[in-house]
Amino acid sequence: MLHINSESIEKMESRYQANLFNTISGFKSANLIGTADKNGKTNLAIFNSVIHIGAKPPYLGFILRPTTVERHTYENIKETNYYTLNHVHESFIAQAHQTSAKYDREVSEFKACGFEEEYLDNFHPPYVKESKIKLGLQFEEEHLIKANDTILIIGKILHAYLDEKLISKDGSVDISEAGTVTISGLYEYLKTTKLKKFKYAKP
Ligand SMILES: Cc1cc2nc3c(=O)[nH]c(=O)nc-3n(C[C@H](O)[C@H](O)[C@H](O)COP(=O)(O)O)c2cc1C
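Residues numbered from 1 in each chain as written. Predicted model: local features only at pLDDT ≥ 70, side-chain atom pairs only at ≥ 80, totals over all residues. Heavy atoms only, no water.

A. Geometry of the nonpolar core. Among the nonpolar cores identified, the biggest contains 16 residues, and Phe 62, Leu 64, Tyr 83, Leu 85 and Ile 153 are the most heavily contacted of them. Elements that contribute at least two residues to this core include exactly β3 (42–47), β5 (58–64), α3 (72–80), β6 (82–87), β9 (134–145) and β10 (150–161). Ignoring anything within four residues of it in the chain, the contact list for Leu 64 reads Phe 47, Arg 71, Tyr 74, Thr 150, Ile 151 and Ile 153. Formed by 14 residues, the second largest nonpolar core is a distinct cluster that contains Leu 32, Ile 46, Phe 115 and Tyr 189. (Core = buried A, V, L, I, M, F, W, Y, C linked by side-chain atoms within 4.5 Å. Buried < 20%, exposed > 50% of the residue type's maximum accessible area, 1.4 Å probe, protein only. Helix = DSSP H or I, 4+ residues; strand = E, 2+ residues; numbered from the N terminus. Contact = heavy atoms within 4.5 Å.)

B. Spatial organisation of α3. When α3 is considered as a whole, its buried residues turn out to be His 72, Thr 73, Tyr 74, Asn 76, Ile 77 and Thr 80. Of the surrounding elements, those touching the buried residues of α3 are β2 (31–36), β3, β5, β6, β9 and β10. The first or second residue beyond α3 is Asn 81, which carries a positive phi of 80°.

C. The arrangement of the side chain of Asn 48 in detail. Note on placement: Asn 48 falls in the loop between β3 and β4 (51–55). Of the polar contacts made by the side chain of Asn 48, one reaches the backbone oxygen of Gly 185; its length is 2.9 Å. Those residues in contact with Asn 48 that lie beyond four places of it in its chain are Lys 28, Ser 29, Ile 183, Gly 185 and Leu 186. (Polar contact = N/O pair within 3.5 Å; in protein donor to acceptor, adjacent residues only side chain to side chain.)

D. Broad picture of the sheet that holds strand β1 (residues 28–29). On the basis of which strands lie adjacent, the open sheet formed by three strands has the order β1-β11-β12 and antiparallel pairing. Bordering the open sheet on either side are β1 and β12 (188–190), each of which pairs with just one other strand. For β1 and strand β11 (residues 182–184), the ladder comprises two bridges, and the chain directions are antiparallel. Within β11, the residue paired with Ser 29 across the bridge is Thr 182. (Pairing = 2+ DSSP bridges.)

Just distances and angles here, no functional claims.
Pasting the structure below:
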């Protein structure tokens, strides 16, 4: 079996290293984050680092790359406090991936990548109409990760929109049934197959 160690990592070509360590941590969530600045100018970008922080109250986190270049999602969140998180489905993976391109601030990825903005219940930022599971969040906290200058953004879920049929009796959402995809690294999108659902494990 190949053994990769700190010495071989030091010598790695940069893109190769990025791909290796973006994929080796496992499958990731696929989400489009929708925002708008205070004047209503919209922005949409794909993020694969969304994680569960807690359920009571419901908090989600995501990792933002260092702010050494313009980060429109981050700027809009800081300006307005609100953002939407929209699941990515098989039918629009190409458009979702395209939102990662560095569009000018003036260009909305909704329009450029072929998504429809959806405004629900007077929430400032737009949801992605095409998405079957969408959440409206309020910015709560940010934490600079000193190790590499990335930022952990934490938000509270204020709104959730999904088909009731996707929620089972115990409250779990069948995201596989919804056709939500998963991501390996930065370039590969996959569909999922449910294997089994277990009960709460006891010793
Ligand atoms: C599959 C995929 C996942 C990504 N995940 C993240 C992420 O978790 N955090 C991040 O800061 N950028 C991530 N990016 C990069 C952003 O999508 C990209 O920087 C985008 O241009 C940000 O747009 P904005 O400046 O409009 O916010 C990802 C890109 C791809 C292709």
